[in-house]
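Structural characterization, general
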Amino acid sequence: MHSRSSHTSDSQKKPDRLVVEMETKEVSVYYGSHLAVRHVSLKIPKNQITAFIGPSGCGKSTLLRCFNRMNDLIPSARVEGSVIFHQQNIYDPEVDPSEVRRRIGLVFQKPNPFPKSIYDNIAFGPRINGYQGDLDELVERTLRQAALWDEVKDKLKMSGLSLSGGQQQRLCIARTLAIQPEVILMDEPCASLDPISTLRIEELLKELGRRYTIIIVTHNMQQAARVSDFTAFYNTEIDDNGVRYGRLVEFNRTEKIFNSPAHRETEEYVSGRFG
Ligand SMILES: Nc1ncnc2c1ncn2[C@@H]1O[C@H](COP(=O)(O)OP(=O)(O)OP(=O)(O)O)[C@@H](O)[C@H]1O
């Protein structure tokens, strides 16, 4: 990939020249002695949406968590290889994992607002990080970015838990945006939402994808096709000892993965013949 010299306008969604935001080099993840994902090397393009797809258990969520060291919080998990961000391996011993997680936010599958007011859900992270600007302005701006402002502007003191599931998920996205991340990871963010809330989140994603680098794990191939610019297809493989592990099969522009993939197993998966 080449470096991009000029700014991309909002209307120009697919620039010819891309910069790499993050890169995994030979990443493998173990849970105890169990190899879950093997040797993934991948370049995540900046300000694009990358979808991770593949059958259950191929390691999509495991790999996603490597991008902001969330696997550190799982005692049995061990990551090999490197994940490069701003020319540094985020697994280097001198790197502070909480700083990594501030710059690379994660939105979970199930909306998980704090049991606090809508306002404080947004303000909490910036306060902890010593935000010096106008918090009211930040709360409004991020709620607008997350397409939630109009629905909540008159009830900012109400609990975040009083919102619908779809609104809660947009609140969690706003909360992530408020700490001004550079990359947003999303682990099946629509899995627990109804179709209308799902569409709203997808619209939001397309909007955010112009300004942020987004990686989204999804079970839903139509969703990957609708929202992403690039797609990584993972599959499971069985080694000589009969042990199943996940591996990256193919990574390319989404239209290529869905219309003319290089590998037969990708074609079989995206056409619904397995998985
Ligand atoms: N916390 C954990 N402890 C032990 N093994 C785990 C843990 N999380 C995942 N695994 C194992 O790692 C492998 C990959 O799981 P992972 O959840 O990353 O796959 P996935 O592709 O995201 O699956 P799904 O689509 O079903 O969510 C599986 O064999 C799973 O059982």
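Once a new chain begins, its residue numbering starts again from 1 and follows that chain's sequence as written. Totals for whole chains, interfaces and linings use every residue, but because this is a predicted model, local features are given only for residues with pLDDT of at least 70 and side-chain atom pairs only at 80 or more, for both listing and counting. In computing side-chain values, all of the structure's heavy atoms are included and hydrogens and water are not.

1. Points about the overall build of the chain
The test is simple: A run of H or I in DSSP counts as a helix once it spans at least four residues, and a run of E counts as a strand once it spans at least two, with each numbered from the N terminus. Throughout, radius of gyration means the C-alpha value; the globule benchmark is 2.2 Å times the number of residues raised to the power 0.38. Burial classification: accessible surface area is computed with a 1.4 Å probe over protein chains only, and a residue below 20% of its type maximum counts as buried, one above 50% as exposed, and the rest as partly exposed. The contact definition used throughout considers only heavy atoms, calling two residues in contact when any of these lie within 4.5 Å. In these tables, accessible area is a Shrake-Rupley quantity obtained with a 1.4 Å probe, and a residue counts as shielded only by the protein chains included in the view. Note that His is not counted, nor are the chain ends; the positive residues are Lys and Arg, and the negative ones are Asp and Glu. Note that the charge is assigned to NZ on lysines, CZ on arginines, CG on aspartates and CD on glutamates.
Looking only at helices and strands, the chain has 10 helices and 10 strands in total. For 275 residues, the compact-globule formula gives about 19 Å, and the C-alpha radius of gyration of the chain, at 19 Å, lands near that figure. When the backbone C-alpha atoms are referred to their principal axes, the chain occupies close to 60 × 40 × 40 Å. With 275 residues in all, the chain has 51% of them scored as buried. Across the chain, the fraction of contacts at a sequence separation of at least 24, relative to all contacts at a separation of at least 6, is 66%. Accessible area of the chain: about 13,100 Å², with a carbon and sulfur share of 47%. Where the 36 positive side-chain charges of the chain centre and where its 35 negative ones centre are 2 Å apart.

2. Overview of the UniProt feature "domain: ABC transporter" (unreviewed entry) in the chain
How we decide: UniProt positions are given in the numbering used here, feature names are shortened, and annotations may be inferred rather than shown by experiment.
According to UniProt, the feature "domain: ABC transporter" (unreviewed entry) maps to residues 22-261 in the numbering used here. With 34% helix and 30% strand, residues 22-261 has end C-alpha atoms that lie 23 Å from one another.

3. Considering the pairing of strand S3 (residues 49-53)
How we decide: At least two bridges found by DSSP between two strands are what make those strands a pair.
Taken across its 5 residues, S3 has 5 buried, putting it largely inside the fold. Taking every second residue as pointing to the same face, both faces of S3 are buried, with Ile 49, Ala 51 and Ile 53 on one and Thr 50 and Phe 52 on the other. Relative to strand S8 (residues 213-217), S3 runs parallel, the two sharing 4 bridges. Following the sheet pairing, Phe 52 is matched in S8 by Val 217. Inspection of the sheet shows S3 paired to strand S9 (residues 230-238) by 4 bridges, in the parallel sense.

4. As for the site of the ligand
Under the convention used in this document: One heavy atom within 4 Å of a molecule or strand is enough for the residue carrying it to be called near that molecule or strand. Definition of a polar contact: a pair of N or O atoms within 3.5 Å, with one able to donate and the other able to accept a hydrogen when the atoms are protein atoms, and with sequence-neighbouring residues admitted only if both atoms are side-chain atoms. Gly falls in the polar group here, along with every residue not listed as nonpolar (Ala, Val, Leu, Ile, Met, Phe, Trp, Tyr, Cys, Pro) or charged (Asp, Glu, Lys, Arg).
The immediate surroundings of the ligand are formed by 15 residues, with Ser 56, Lys 60, Ser 61, Thr 62 and His 219 found nearest. Between the ligand and the protein, one listed contact pairs an oxygen atom with a side-chain N or O atom of Lys 60 at 2.8 Å. Residue assignment for the shell around the ligand shows that the elements contributing at least two residues are strand S2 (34-45) and helix H1 (60-66). In terms of residue count, the dominant contributor to the shell around the ligand is H1 (4 residues). The residue inventory of the shell around the ligand, partitioned by class, reads 5 nonpolar, 7 polar and 3 charged.

5. Observations regarding the pattern of salt bridges
For the record, the criterion: Salt bridges are counted wherever a side-chain nitrogen of Lys or Arg sits within 4 Å of a carboxyl oxygen of Asp or Glu.
According to the stated counting rule, one finds 19 salt bridges in the structure shown. Lys 153 is the partner of Asp 150 in a salt bridge, and the nearest nitrogen-oxygen pair spans 3.8 Å. The class of Lys 153 is partly exposed, set by a relative accessible area of 38%. One salt bridge connects Arg 247 with Glu 265, and the closest N-O pair in it is separated by 3.0 Å. Note that Arg 247 is positioned in strand S10 (residues 244-253) and Glu 265 in helix H10 (residues 264-270), a separation of 18 residues in sequence. Each of Arg 69, Asp 72 and Arg 101 takes part in a single network of salt bridges with overlapping partners.

6. Some points on the pairing of strand S4 (residues 77-85)
Here strand S1 (residues 20-31) runs beside S4; their pairing, made up of 8 bridges, is antiparallel. Bridging from a neighbouring strand, Met 22 pairs with Phe 85 of S4. Pairing geometry for S4 and strand S5 (residues 88-89), over 2 bridges, is antiparallel. Each bridged residue has a counterpart across the sheet, and for Phe 85 the counterpart in S5 is Gln 88. Between S4 and the antiparallel strand that follows it, S5, lie 2 residues; His 86 among them carries a positive phi value of about 50 degrees.

7. Re the state of the cysteines
Such a bond, covalent and formed between the sulfur atoms of two cysteines, is termed a disulfide. Quick note on the threshold: The term disulfide is used for any two cysteine sulfur atoms that are within 2.5 Å.
Scanning the model with the defined rule gives 0 disulfides in all. Here Cys 66 stays unpaired: no disulfide links it, and the sulfur of Cys 58, its closest cysteine neighbor, is 13 Å away. Classification of Cys 66 as buried rests on a relative accessible area of 1%. Here Cys 172 is not cross-linked by a disulfide; its sulfur's nearest cysteine counterpart is in Cys 190, at 12 Å.

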